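Here is what each chain is made of, one letter per residue.
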Amino acid sequence: MDSTGIPERNATFTRFGGIDTLIADYRWWSVQIRPQQATLGAMILLAHGPALAFGDLPDGAHNELARITRDIETAVRRFGNQKINYLMLMMVDPHVHFHVVPRYAASAVFDDITFDDPGWPGLPNLVCAPTALDAAARVCATLRETWPAPAAETQKP
């Protein structure tokens, strides 16, 4: 933890692109664009600090999730998704995080890029991605610009 009592970033933050993929920062969590856009707007919701089990997070981290999930769902609504899947896998990257996968019944087009959801309506296909190399960066830029402003009590100093 740093001098303010806020957990420091962990290796999983770096693994998913670090500051380059950061969309929004909160006291206990970060939201990053998922470098491989399994569907349009796929993100990583990552807990700060060393926790390797969801139950090991402090109460503040659990409480903050309500605000963050509302922000996520508000932000991706612009893309026309039908559902959102929150997948907590933590098999390769051990720190507490969710893969946030907006779900689409049909192909979605954003910024002249087509995003498919071949798993719909079943399990998402996390290895599927559009061929545009800068797809994640383009989606990230739009989400950063339009992200709901975090409440003052959840922002990192």
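Residues numbered from 1 in each chain as written. Predicted model: local features only at pLDDT ≥ 70, side-chain atom pairs only at ≥ 80, totals over all residues. Heavy atoms only, no water.

Trainee: What should I look at first to understand the state of the cysteines in this one?
Mentor: In protein chemistry, a disulfide is the covalent bond that joins the sulfur atoms of two cysteines. By the definition in use, this model includes zero disulfides. Of the cysteine sulfurs around Cys128, a residue in no disulfide, the closest is that of Cys140, at 19 Å. Overall, Cys128 belongs to the buried group, its relative accessible area being 18%. (Disulfide = S-S within 2.5 Å. Buried < 20%, exposed > 50% of the residue type's maximum accessible area, 1.4 Å probe, protein only.)

Trainee: Would you mind showing me how to read the pairing of strand β1 (residues 22-25) here?
Mentor: As a general feature of sheets, a regular strand has side chains that alternate between the two faces. Where β1 and strand β2 (residues 29-33) come together, three bridges link them in antiparallel fashion. When the sheet's bridge partners are listed, Leu22 is paired in β2 with Gln32. Here β1 folds back onto β2, and the loop between the two strands holds three residues. (Pairing = 2+ DSSP bridges. Helix = DSSP H or I, 4+ residues; strand = E, 2+ residues; numbered from the N terminus.)

Trainee: Sorry, what's going on with the packing of aromatic side chains here?
Mentor: Aromatic rings in a pair are described by how distant their centres are and how their planes are angled relative to each other. Enumeration over the complete set of coordinates arrives at four aromatic pairs. Ring geometry for Trp29 and Phe98: centres 6.2 Å apart, planes at 35°, overall tilted. Placement of the pair is Trp29 in strand β2 and Phe98 in strand β5 (residues 97-103), with a sequence separation of 69 residues. With relative accessibility at 11%, the residue Phe98 sits in the buried group. When the centroid spacing of 5.4 Å and the interplanar angle of 75° are considered together, the rings of Phe79 and Phe110 count as edge-to-face. Of this pair, Phe79 sits in the loop between α2 (59-76) and β4 (83-87) while Phe110 sits in strand β6 (residues 108-110); the two residues are 31 residues apart in sequence, bridging distant segments of the chain. Within the aromatic cluster, the residues linked to one another by ring pairs are Trp29, Phe54, Tyr86 and Phe98. The ring of Phe13 is capped by Arg9, whose NZ or CZ atom sits 4.1 Å from the centre of that ring. The cationic tip of Arg15 hangs over the ring face of Phe16; the distance from NZ or CZ to the ring centre is 5.5 Å. (Phe/Tyr/Trp six-rings, centres within 6.5 Å; stacked < 30°, edge-to-face > 60°. Lys NZ or Arg CZ within 6 Å of the ring centre and 35° of its normal.)

Trainee: How should unusual backbone geometry be read in this particular structure?
Mentor: A negative phi angle characterises most non-glycine residues, just as the trans form characterises most peptide bonds. Residue Pro121 is bonded to the preceding Trp120 through a cis peptide linkage, with omega at 0°. Position of Pro121 among the secondary structure elements: in the loop between β7 (113-115) and α3 (135-146). Positive phi, normally seen in glycine, also occurs at Met90, with a value near 50°. Turning to its location among the elements, Met90 is positioned in the loop between β4 and β5. Look at Met90 and you get buried, because its relative accessible area is 19%. Residues other than glycine seldom take positive phi values, yet Asp111 does so here, at roughly 50°. The topology assignment puts Asp111 in the loop between β6 and β7. Among the residues examined, Asp111 registers a relative accessible area of 42% and is labelled partly exposed.

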